[in-house]
Amino acid sequence: QRRLLALGLPVNPQGIRIGSGTIVAPHVVLSTGWEPDQAGLGDSVLVIGDRCLIGRGSSIVAHESVRIGDDVWTGHHVHITDMNHGHTDPDVPISQQFATPAPVSIGDGSWLGHGVVVLPGVTIGHHVVVGAGSVVTHDLPDRSVCVGSPARPLERSAG
C-alpha cells in the first residue's frame with residue numbers, strides 16, 4: 001500500500017498488484033474498477049509484473065482485467081485499457097455509453113514505445129516491440145516488431 005501511495009492517488013489501489021523491482025514513473029494514472037471506493041473489487045484487477053517500467057504520464061485503466069508480464073517497459077504517455085465507450089444511441093451522451101470490457105494481456109519482455117494505445121480485448125505476445133504512436137486493436141504475435149494504426153507486424157524473429 002505504501003508503494004502505491006508514492007505513485008500519487010491511484011483509483012482503488014486495493015485492486016492493483018505491482019511486482020518487485022518495478023518502477024512507475026511520475027504522473028502515471030493507475031485505475032481499477034468502475035468507480036472510486038468500489039465495494040467488492042478483486043485484489044488483482046490490474047497486475048504489473050516484476051522489473052517493469054511504466055513511463056511518465058502513462059495511464060492504465062483496468063475495469064476488470066489488465067495483466068502486464070515481467071520485464072515489460074513502456075515509453076512515456078502510453079495508454080492501456082480494457083474498456084471503451086460505446087456510441088450506439090445518438091440521444092445518450094457518449095460518457096454514459098459503455099462497451100463491454102475485454103481483458104488485456106501484455107507478454108513478458110515486451111516494449112511499448114512512446115504514445116502507444118492498447119485497446120480492450122488485446123493480447124500482446126512475449127518479446128514484442130510496439131512502435132511509438134501505434135494503436136493496438138488486435139492481438140500481436142510473440143517476437144514481433146509491430147507499428148501503425150492499427151498496429152501490425154513488420155517482422156518476426158525466430159525463437
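The structure this text deals with has already been given above.
Residues numbered from 1 in each chain as written. Predicted model: local features only at pLDDT ≥ 70, side-chain atom pairs only at ≥ 80, totals over all residues. Heavy atoms only, no water.

**Q** Describe in detail the nonpolar core, supporting the description with residues and values.
**A** Formed by 32 residues in total, the largest nonpolar core has its most connected members in Ile-48, Ile-60, Ile-68, Ile-80, Val-118, Ile-124 and Val-136. Elements represented by at least two residues in this core include exactly β1 (16-18), β4 (46-48), β6 (59-62), β7 (66-68) and β10 (104-106). Excluding residues that lie within four positions of it along the chain, Ile-60 makes contacts with Val-29, Leu-30, Ser-31, Leu-46, Ile-48, Ile-54, Val-66, Ile-68 and Ile-80. (Core = buried A, V, L, I, M, F, W, Y, C linked by side-chain atoms within 4.5 Å. Buried < 20%, exposed > 50% of the residue type's maximum accessible area, 1.4 Å probe, protein only. Helix = DSSP H or I, 4+ residues; strand = E, 2+ residues; numbered from the N terminus. Contact = heavy atoms within 4.5 Å.)

**Q** Mind laying out the pairing of β6, listing which residues take part and the relevant values?
**A** Residues Ser-59 and Val-61 of β6 are buried on one face, and the alternating residues Ile-60 and Ala-62, pointing to the opposite face, are buried as well. Relative to β6, strand β3 (residues 29-32) runs parallel, the two sharing 4 bridges. Following the sheet pairing, Leu-30 is matched in β6 by Ile-60. Alignment of β6 against strand β9 (residues 79-81), held across 3 bridges, turns out to be parallel. Residue pairing across strands places Val-61 opposite Thr-81, the latter belonging to β9. (Pairing = 2+ DSSP bridges.)

**Q** Can you break down the environment of Ser-134 residue by residue, with the values?
**A** Looking at the secondary structure, you find Ser-134 in the loop between β14 (129-130) and β15 (135-136). Residue classification places Ser-134 among the buried positions, given a relative accessible area of 1%. Excluding anything up to four places from it in sequence, Ser-134 contacts Gly-115, Val-116, Val-117, Cys-146, Val-147, Gly-148 and Ala-151.

**Q** Before we move on, can you summarise the side chain of Thr-22 with the specific residues and values?
**A** Along the chain, Thr-22 falls in the loop between β1 and β2 (23-24). Judged by its relative accessible area of 11%, Thr-22 is buried. Of note is the side chain of Thr-22, whose polar atom sits 3.5 Å from the backbone oxygen of Gly-19. A polar contact of 2.5 Å, which involves the side chain of Thr-22, links it to the backbone oxygen of Gly-49. Residues in contact with Thr-22, not counting those within four places in the same chain, are Ile-48, Gly-49, Asp-50, Arg-51 and Cys-52. (Polar contact = N/O pair within 3.5 Å; in protein donor to acceptor, adjacent residues only side chain to side chain.)

**Q** Can you tell me about a nonpolar patch on the surface, naming the residues and giving the values?
**A** A contiguous nonpolar surface patch, about 290 Å² in accessible area, is contributed by Trp-73, Trp-111 and Val-129. Mapped onto the elements of the fold, Val-129 is located in strand β14. According to the relative accessible area criterion, Val-129 is partly exposed, its value standing at 33%. (Patch = residues over 30% accessible without salt bridge, like charges linked within 9 Å, V, L, I, M, F, W, Y side chains within 5 Å. Areas by Shrake-Rupley, 256 points an atom, 1.4 Å probe, with all protein chains shown as cover. Salt bridge = Lys/Arg side-chain N within 4 Å of Asp/Glu carboxyl O.)

**Q** Give me the sheet that holds β15: which residues, what numbers.
**A** Picture the strands of a sheet paired through backbone hydrogen bonds; they go either parallel or antiparallel. Read across the sheet, 5 strands follow the order β3-β6-β9-β12-β15 without closing on themselves; strand pairing throughout is parallel. Pairing within the sheet leaves two strands with one partner each, and these edge strands are β3 and β15.

Taken by themselves, the reported measurements are silent on function.
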